[in-house]
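# Architecture at a glance
Chain by chain, the residues:
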Amino acid sequence: MSAKKVVVAGATGSLGSKIVKALLERGAEVTAMVRATSKRSKLEEMGVKHFVVGDMMDNASLREALSPGRKFDAIVASAAGYTRHSKSDSTKTDTMGYRNLVDAAKEAGIPRFVLISILESDKAVTVPHFHNKYLTEKYLAEKQQPFVALRPGAFFDWADDFMLRKIKKGIVPMFFDNVDYGTIYTPDLARYAAIAATSLPESEVNTAIDVGWATPVNGDTLAAAFEKVLRKPMLAKAVVPAFVIKAIAPIFAMFSHNMKDMLEMVKWVNTGVYVSRNTERQKKLFGDLPTIEEAITRYCRDRHLI
Ligand SMILES: NC(=O)c1ccc[n+]([C@@H]2O[C@H](COP(=O)([O-])OP(=O)(O)OC[C@H]3O[C@@H](n4cnc5c(N)ncnc54)[C@H](OP(=O)(O)O)[C@@H]3O)[C@@H](O)[C@H]2O)c1
């Protein structure tokens, strides 16, 4: 069977580059969709040979990048504007940019669109960057563009260097209150995205799939698992003190859309609703879910902590 041709939007990003790696490992022919300003060197070092230039805010560039002649079997979209990967990025990429990308994929007749969405994004109406994912899922359905939306919780290895420094000092940084929330180790998400793009059966298309660990986590359960794996005492500690969240951040949020977005996210997650309601589907499609201890063992091994 010939290799699946997969184009990755957001390929230079933290998750995007891992998705590229996972696709290459599965034998796919990978094309990285990058902007003219994107730094390609890491992807080239990974062995990516095909590049197309496409900016989600520029329809003409997308039409060219995804043109039917390229015969892509799937597109994986991991790009984001709110993360400010490049200086001038804006949240318009998360709304208008995604609509542009869906339109271009539909026009080109790409048979599958794999969206990196967010857990419970349909319910998070107060959190703009979560809600925008749901709007893209809805737009994909409206346009009848075949899609698979993967809905991960918080990336466990987000803010990787910061987290590693803290872990080495015996601290498990807590970004939320000590509430349960869903999380995922990004190499696992990258693998699921690669499977979704290349081998998930047609019968599973046009749905959203929760992905993450077998059980939700909180500061205490993470600290306990790290203690077990590293065999030393670990303390869960809030990154931002509660009084800052309650009294100071709201003032800054009045002047910064990004700050308001992040504050609303923390408030929403702190209500305990950011958890998967359906782990069976992930098990059926991608295999056994990682347990807290197993995933943390891999995280520690990958960083030579054990
Ligand atoms: N962090 C979490 O906990 C979490 C949880 C659930 C889901 N997610 C989702 O995971 C995805 C990946 O996040 P990440 O942290 O890996 O992102 P990231 O590292 O900030 O990467 C963003 C990517 O988007 C590209 N991009 C931005 N604007 C673009 C545009 N207008 N046109 C084309 N490409 C554009 C960037 O390209 P350049 O190189 O040109 O800048 C970069 O490759 C996001 O969609 C995010 O919403 C994150």
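You'll find the chain entered in an unreviewed UniProt entry as SDR family oxidoreductase, with Chryseolinea soli given as the organism.

## Some details on the sheet that holds strand β4 (residues 74-77)
In space, the 7 strands of this open sheet follow the order β3-β2-β1-β4-β5-β6-β10, with parallel pairing throughout. Two strands in the sheet have a free side with no partner beyond their single neighbour: β3 (50-53) and β10 (207-211). Averaged over all pairs of adjacent strands, the angle between strand axes in this sheet comes to 20°, irrespective of strand direction. Inspection of the sheet shows strand β6 (residues 147-152) paired to β10 by 5 bridges, in the parallel sense.

## Topic: helix α7 (residues 186-198)
Compared with an ideal rise of 1.5 Å per residue, which puts 13 residues at 18 Å, α7 spans 18 Å between its outermost C-alpha atoms and is within 8% of the ideal. When you tally the buried positions in α7, you get 11 out of 13 residues, the bulk of the element.

## Some thoughts on the packing of helix α9 (residues 242-253) against helix α10 (residues 257-269)
Across the interface, α9 lies against α10 with an axial gap of 8 Å and an inter-helix angle of 150°. Classified by the interaxial angle, the pair formed by α9 and α10 is roughly antiparallel. Considering how the two elements wind past one another, α9 and α10 form a crossing that is left-handed. For the pair α9 and α10, contact is made by Ile245, Ala249, Pro250, Phe252 and Ala253 and by Met259, Lys260, Leu263 and Val266, respectively.

## Structural notes on the site of the ligand
By nearness alone, 29 residues border the ligand, and Thr12, Ser38, Thr83, Ser86 and Lys133 come closest of all. Contacts to the ligand include Tyr82, whose side-chain N or O atom sits 2.7 Å from an oxygen atom. Measuring from an oxygen atom of the ligand, one finds a side-chain N or O atom of Ser86 at 2.6 Å. Relative to its unbound accessible surface of 940 Å², the ligand loses 93% to contact with the protein. Contributing elements (two or more residues each) for the shell around the ligand: α1 (14-25) and β7 (154-155). Looking at side-chain class alone, the shell around the ligand contains 12 nonpolar, 13 polar and 4 charged residues.

## Notes on the packing of aromatic side chains
Under the defined criterion, the tally for this structure stands at 12 aromatic pairs. Ring geometry for Phe162 and Phe175: centres 6.3 Å apart, planes at 55°, overall tilted. Residue Phe162 is found in helix α6 (residues 160-168), and its partner Phe175 is found in the loop between β8 (171-174) and β9 (183-184); the two are separated by 13 residues along the sequence. A relative accessible area of 27% places Phe162 in the partly exposed class. Residues Trp268 and Tyr274 carry aromatic rings whose centres are separated by 5.9 Å and whose planes lie at 65° to one another, so their mutual orientation is edge-to-face. Like Tyr274, Trp268 is buried. Chaining the aromatic ring pairs together yields one cluster made of Phe156, Tyr185, Trp213, Phe226 and Tyr299.

## Notes on the side chain of Asp94
Following the sequence through the fold, Asp94 ends up in the loop between β4 and α4 (96-108). Of the side chains bearing the opposite charge, Lys133 lies closest to the buried Asp94, which forms no salt bridge; the N-O distance is 5.9 Å. A distance of 2.7 Å separates a polar atom in the side chain of Asp94 from the backbone nitrogen of Gly81.

## Structural notes on the packing of helix α8 (residues 219-230) against helix α12 (residues 292-302)
At a minimum axis distance of 9 Å, the contact between α8 and α12 shows a crossing angle of 60°. Considered as vectors, α8 and α12 are oriented oblique to each other. As for how α8 packs across α12, the hand of that crossing is right-handed. Contact residues: α8 offers Thr221, Leu222, Ala225, Phe226, Lys228, Val229 and Leu230, while α12 offers Ile292, Glu293, Ile296, Thr297, Tyr299 and Cys300. Classifying every residue of the contact of α8 with α12 gives 9 nonpolar, 2 polar and 2 charged.

Reading guide: rules and limits
- Residues numbered from 1 in each chain as written.
- Predicted model: local features only at pLDDT ≥ 70, side-chain atom pairs only at ≥ 80, totals over all residues.
- Heavy atoms only, no water.
- Pairing = 2+ DSSP bridges.
- Helix = DSSP H or I, 4+ residues; strand = E, 2+ residues; numbered from the N terminus.
- Axes fitted to C-alpha atoms, helices over the stretch in contact; angles between N-to-C directions.
- Expected span 1.5 Å × (residues − 1).
- Buried < 20%, exposed > 50% of the residue type's maximum accessible area, 1.4 Å probe, protein only.
- Parallel < 35°, antiparallel > 145°, perpendicular 65-115°, else oblique.
- Left-handed = near helix turned anticlockwise from the far one by under 90°.
- Contact = heavy atoms within 4.5 Å.
- Near = heavy atom within 4 Å.
- Polar contact = N/O pair within 3.5 Å; in protein donor to acceptor, adjacent residues only side chain to side chain.
- Areas by Shrake-Rupley, 256 points an atom, 1.4 Å probe, with all protein chains shown as cover.
- Nonpolar A, V, L, I, M, F, W, Y, C, P; charged D, E, K, R; others polar.
- Phe/Tyr/Trp six-rings, centres within 6.5 Å; stacked < 30°, edge-to-face > 60°.
- Lys, Arg positive; Asp, Glu negative; His and termini not counted.
- Salt bridge = Lys/Arg side-chain N within 4 Å of Asp/Glu carboxyl O.

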